[in-house]
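Architecture at a glance
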Number of protein chains: 2
Amino acid sequence: MQVNIALKQVVDNSYDIAIDTIKPIHFDTKVAIVTNPKVAGLHLSYLLSKITAKELYIITVPDGEEYKNQDSVNLILESLFNHKFNRKSMLIAFGGGVIGDMTGFAASIYQRGIKFIQIPTTLLSQVDASVGGKTGMNNSYGKNLIGAFHQPKSVLIDPHFLTTLPAREFSAGVAEIIKMAVTFNKEFFEFLESADLSDAAVLQDVIKQAVQTKASVVAKDEKEQGIRAALNYGHTFGHVVENETKYKKYLHGEAVAIGMVLANETAVKMGLMSTYEALRVKNLLQKYSLPVSYEISNSDSFYETFFLDKKSSDSSITFILPVGIGDVKITDSCDKSLILSVLDTFGAK
Amino acid sequence: MQVNIALKQVVDNSYDIAIDTIKPIHFDTKVAIVTNPKVAGLHLSYLLSKITAKELYIITVPDGEEYKNQDSVNLILESLFNHKFNRKSMLIAFGGGVIGDMTGFAASIYQRGIKFIQIPTTLLSQVDASVGGKTGMNNSYGKNLIGAFHQPKSVLIDPHFLTTLPAREFSAGVAEIIKMAVTFNKEFFEFLESADLSDAAVLQDVIKQAVQTKASVVAKDEKEQGIRAALNYGHTFGHVVENETKYKKYLHGEAVAIGMVLANETAVKMGLMSTYEALRVKNLLQKYSLPVSYEISNSDSFYETFFLDKKSSDSSITFILPVGIGDVKITDSCDKSLILSVLDTFGAK
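This one's a predicted model, so the numbers in the text were calculated from it and none came from an experiment.

1. Observations concerning the overall build of chain A
Across its full length, chain A holds 12 helices and 12 strands. In summary, chain A has a C-alpha radius of gyration of 20 Å against a globular reference of 20 Å for 349 residues, a match within 12%. Classification of the 349 residues of chain A by burial places 60% in the buried group. The long-range share in chain A, meaning contacts at least 24 apart out of those at least 6 apart in sequence, stands at 76%.

What follows is the structure, encoded as structure tokens:
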């Protein structure tokens, strides 16, 4: 005896990303703005001059990647229960990627899912974390290992918030922009080689191009069954760098920059990329003072750490390797010996 | 400047429910069977004679609704991390609704979602919890308040497991079957009035009809935006009963039985149902020794507890009221005074 549960249907998770000064908006529901003390001190008064609600709550969680954990998510959820939020209520993630990921995850599991809006305040979260609906938190086993796909209702990217962003964090955001150009958009890469991001209009245009590039990839593959995995370029290696340095030494974008250089060297060794192209990428990273080297003390232990990464299958590791500039190959058939030779020589430079 | 993220697409979450003796199956991935010590003691050897895998793990969590919490979910997740489960791995929920809900929830958030299969071992979970993809856990604020919609890859309903089910738990399962008949299927209700469920063939047919009834509702409304809410008939009141008795005195199906009687009395007062129809439902519940009365010590406090229920909106409570037998009305405009008068007189009987 068999019963089929027919759940094939059209699902519309589309949303708009506005890249502009935030327009005043009123919500006729309960709204909680989730942020951290630092962002709140710098920018909350600005946001509150734009956003009003039937009932408005502010929830702050500690600032930093090391607090992107269950305690912080529980702090958010507890507050929602205390104030009797329900399925029609709304969360607003107001901060960088850490705030966005945790707020989105809390929204995805609170009463089996409520709406949320992203208002990213760092360049990195504006171009990357706010597009695509990946939410999550870290645990003792690694980064983003617990999470969900939960799309925001909208994303508001207001360049105003970048005025207070430290230079190092700005550069970390540029790393993800470069990542998208190398993997998907050669023209955009060449534009970046000559662009002056201190010009506000140029920066706004670059944000738009980066968001569009990522958006087109996510639209093709929302749940990362295929091509979306290419956005992990630099991340397979970068996650290990972050793990080895306990998420303290490098900002995420900096670790990704190192990861891109490692991926490029692998690609060069496999004949997918010329040494000249790898150099151009390295030069562009260095233009923004991003790290391009890293001392690997033990290649075997570095290699073993790959297997903690969620993108790896039962017995293989998935590598995202550039094919020249503007194209990309996803492969899980890299020889261990080839990777080890890249790792062995990398520290020596 | 605006970018649209186009995520309108056809999503196929369809799956099959087999109502039959489990066929031998081998999985070429890592598989973890999540169960509790009692079910494992009774039925694991049977299941292991049917299921093999590349790597097979057994995870037990404590038995009972009071352990349907974050500690147990974390226990499952930790074990998956320890054994390096990845996105291609598979969970099998082997037990009643508690096991199914927690295993499904763990599957939904582990690495942003992995596959799982339901093998329900109680009548209740066979006809109800295994259909529809609702997963979740309880917390100090109430039942199922944290969770996700995550559909299983398949559901295997093997009548073999019911042979060891205590009579009281069997009846609790029948309560949910009666619930589906009252709300959606008059013919099925009349069949149940005369059916002998001790006959194995009749029972198998009743399970099939119940699953089909629920499946047709879920197929129309996977995320409970509309008609699926009707399956909460008996639950709005029942959850308060469970909450007041701290989930100890009644099995879930028993609390739902009391909740149905309360909903019927409300429906009778509103002219939606005749007293005769309400009596037929009560008689059918009593045929299976289900409780049909409950002492309400304080109607106001009972009423206030509704607002903890996630199905309630900002300021109103959603009631699911039968319209005769076989039809249902979802309303959030019941007068508080009307509900209080039902509650006031209920305890007196």
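What follows picks up the thread again.
2. Considering the confidence of the model for chain A
Chain-level statistics for chain A give a pLDDT mean of 91 and a share of 97% at 70 or above. Across the assembled chains, the prediction reports ipTM 0.81 with pTM 0.84.

3. A closer look at the sheet that holds strand β5 (residues 51-60) of chain A
With mixed pairing, seven strands are arranged side by side in an open sheet as β5(A)-β4(A)-β6(A)-β7(A)-β10(A)-β3(A)-β1(B). The outermost strands of the open sheet, each flanked by one partner alone, are β5 of chain A together with β1 (2-5) of chain B. For this sheet, the mean angle separating the axes of adjacent strands, direction not counted, is 20°. Taken together, the nine bridges between strand β4 (residues 25-35) of chain A and β5 of chain A define a ladder with parallel strand orientation. Counterpart to Val34 of chain A in the pairing with β5 of chain A is Ile59 of chain A. Here helix α1 (residues 37-48) of chain A sits on the sheet in contact with β4, β5, β6 (90-95) and β7 (115-120) of chain A, set at roughly 175° to β5 of chain A. This element, helix α7 (residues 200-220) of chain A, spans β3 (15-19) and β10 (154-157) of chain A together with β1 of chain B of the sheet and lies at about 10° to β1 of chain B.

4. Section: the interface of chain B and chain A
On the chain A side, the residues contacting the 66 residues of chain B number 67 residues. Both sides of the chain B and chain A interface together cover about 6500 Å² of buried area, and 53% of this is carbon and sulfur. Ranking the residues of chain B by area buried against chain A places Met1, Leu7 and Arg112 of chain B at the top, with a combined share of 15%. Taken together, the links from chain B to chain A amount to zero salt bridges. If you look at where chain B meets chain A, you find 28 residue pairs in polar contact (both at pLDDT 80 or more). Considering every element that reaches the side of chain B that touches chain A, the biggest residue donor is helix α7 (residues 200-220) of chain B, with eight residues.

5. Notes on the packing of helix α6 (residues 186-194) of chain B against helix α10 (residues 275-287) of chain B
Residue and element names in this part refer to chain B. Axis separation between α6 and α10 bottoms out at 10 Å; the angle between their running directions is 45°. As the angle between them shows, α6 and α10 are arranged oblique. Note that α6 runs across α10; the crossing there is left-handed. Residues Phe189, Glu190, Leu192, Glu193 and Ser194 of α6 pack against Arg280, Val281, Leu284 and Lys287 of α10.

6. Looking at a nonpolar patch on the surface
Residues and elements named next belong to chain A. Residues Leu48, Leu56 and Ile58 make up a contiguous nonpolar surface patch of about 210 Å² in total accessible area. Here Leu48 shows up in helix α1. Classification of Leu48 as partly exposed rests on a relative accessible area of 34%.

7. Remarks on helix α10 (residues 275-287) of chain A
All names here are of chain A. With 13 residues, α10 should cover 18 Å at 1.5 Å per step; its first-to-last C-alpha distance of 18 Å lies within 8% of that length. All buried positions along α10 are accounted for by Glu277, Ala278, Arg280, Val281, Leu284 and Leu285. For α10, the angular spread of the buried residues around the axis is 155°, confining them to a single face. Among the exposed residues of α10, those oriented more than 90 degrees off its buried face are Thr275 and Tyr276. Where α10 is buried, its residues contact α5 (167-184), α6 (186-194) and α9 (252-269). Directly beyond the C-terminal end of α10, a positive phi value near 55° is found at Ser289.

8. Some points on the packing of aromatic side chains
Given two aromatic rings, one states the distance between the centres and the angle between the planes to describe the pair. All told, the structure shown has 26 aromatic pairs over all chains when counted by the stated rule. Note on Tyr303 of chain A and Phe306 of chain A: the rings are 5.6 Å apart at their centroids and 85° apart in plane angle, and the pair reads as edge-to-face. With centroids separated by 5.3 Å and ring planes inclined at 70°, the aromatic side chains of Phe94 of chain B and Phe161 of chain B adopt a geometry described as edge-to-face. One end of the pair, Phe94 of chain B, is in strand β6 (residues 90-95); the other, Phe161 of chain B, is in the loop between β10 (154-157) and α5 (167-184), with 67 residues separating them in the sequence. A connected cluster of aromatic rings, assembled from ring pairs, spans Phe237, Tyr250, Tyr294, Phe302, Tyr303, Phe306, Phe307 and Phe319 of chain A.

9. Overview of the side chain of Glu176 of chain B
Residue and element names in this part refer to chain B. Within the element layout of this structure, Glu176 appears in helix α5. Separated by 3.3 Å, the side chains of Glu176 and His235 make a polar contact. Beyond its immediate stretch of four places on either side in the chain, Glu176 contacts Leu124, Val127, Asp128, His235, His252 and Val256.

10. Quick word on the relation of the copies chain B and chain A
When chain B is fitted to chain A, the residual RMSD is 0.0 Å, and the transformation amounts to a turn of 180° plus an axial shift of 0.0 Å. The symmetry that links the two subunits is that of a two-fold axis. Across chain B, the rotation axis passes nearest the C-alpha of Val10 of chain B, at a separation of 2.1 Å.

11. Comments concerning the domain arrangement of chain A
All names here are of chain A. On domain assignment, one finds that chain A holds domain 1 (16-163) and domain 2 (166-346). Centre-to-centre, using C-alpha coordinates, domain 1 lies 26 Å away from domain 2. Facing the 24 residues of domain 1 at the interface are 31 residues of domain 2. A buried area of about 2300 Å², summed over both sides, lies between domain 1 and domain 2, and 66% of it is on carbon and sulfur atoms. Three residues, Leu123, Val127 and Lys143, lead the burial of domain 1 against domain 2; their summed loss comes to 26% of the area buried on that side. Between Lys214 and Asp128 there is a salt bridge whose closest N-O contact spans 3.0 Å.

12. As for the environment of Leu343 of chain B
Residues and elements named next belong to chain B. Position of Leu343 among the secondary structure elements: in helix α12 (residues 336-346). Assessed through its relative accessible area of 1%, Leu343 is described here as buried. Separated by 66 residues in sequence, Leu343 and Glu277 have C-alpha atoms that sit 20 Å apart. Leu343 has contacts with Phe237, Leu262, Ile296, Ser299, Phe302 and Tyr303, leaving out every residue within four places of it along the chain.

13. Focus on helix α8 (residues 235-244) of chain A
Residues lying three or four places apart along an α-helix face the same way, a consequence of the helix completing one turn every 3.6 residues. All names here are of chain A. In terms of burial, α8 is largely enclosed, as eight of its 10 residues are buried. Residues of α8 that are buried: His235, Thr236, Phe237, Gly238, His239, Val240, Val241 and Glu242. Where α8 is buried, its residues meet β9 (142-149), α5, α9, α11 (299-305), β11 (319-322) and α12 (336-346).

14. A look at the environment of Gln151 of chain A
Relative to the assigned elements, Gln151 of chain A resides in the loop between β9 and β10. We classify Gln151 of chain A as buried; its relative accessible area is 9%. Counting along the chain gives 17 residues from Gln151 of chain A to Lys134 of chain A, while the straight-line C-alpha distance between them is 7.5 Å. Sequence-distant contacts of Gln151 of chain A, defined by excluding residues within four places in its chain, comprise Asn13, Tyr15, Phe116, Gly132, Gly133 and Glu222 of chain A together with Leu7 of chain B. Here Gly132 of chain A takes part through its backbone oxygen, which lies 3.1 Å from a polar atom of the side chain of Gln151 of chain A. Of note is the side chain of Gln151 of chain A, whose polar atom sits 3.3 Å from the backbone nitrogen of Gly133 of chain A.

What counts, and where the lines are drawn
Residues numbered from 1 in each chain as written. Chains lettered and ligands numbered in written order. Predicted model: local features only at pLDDT ≥ 70, side-chain atom pairs only at ≥ 80, totals over all residues. Heavy atoms only, no water. Helix = DSSP H or I, 4+ residues; strand = E, 2+ residues; numbered from the N terminus. Rg over C-alpha atoms; globule rule 2.2 N^0.38 Å. Buried < 20%, exposed > 50% of the residue type's maximum accessible area, 1.4 Å probe, protein only. Contact = heavy atoms within 4.5 Å. pLDDT = per-residue confidence, 0-100. Pairing = 2+ DSSP bridges. Axes fitted to C-alpha atoms, helices over the stretch in contact; angles between N-to-C directions. Buried area = accessible area lost by both parts, 1.4 Å probe. Salt bridge = Lys/Arg side-chain N within 4 Å of Asp/Glu carboxyl O. Polar contact = N/O pair within 3.5 Å; in protein donor to acceptor, adjacent residues only side chain to side chain. Parallel < 35°, antiparallel > 145°, perpendicular 65-115°, else oblique. Left-handed = near helix turned anticlockwise from the far one by under 90°. Patch = residues over 30% accessible without salt bridge, like charges linked within 9 Å, V, L, I, M, F, W, Y side chains within 5 Å. Areas by Shrake-Rupley, 256 points an atom, 1.4 Å probe, with all protein chains shown as cover. Expected span 1.5 Å × (residues − 1). Arc of directions from axis to C-beta. Phe/Tyr/Trp six-rings, centres within 6.5 Å; stacked < 30°, edge-to-face > 60°. Least-squares fit on C-alpha atoms with pLDDT ≥ 70 in both. Domains from an automatic or database assignment.

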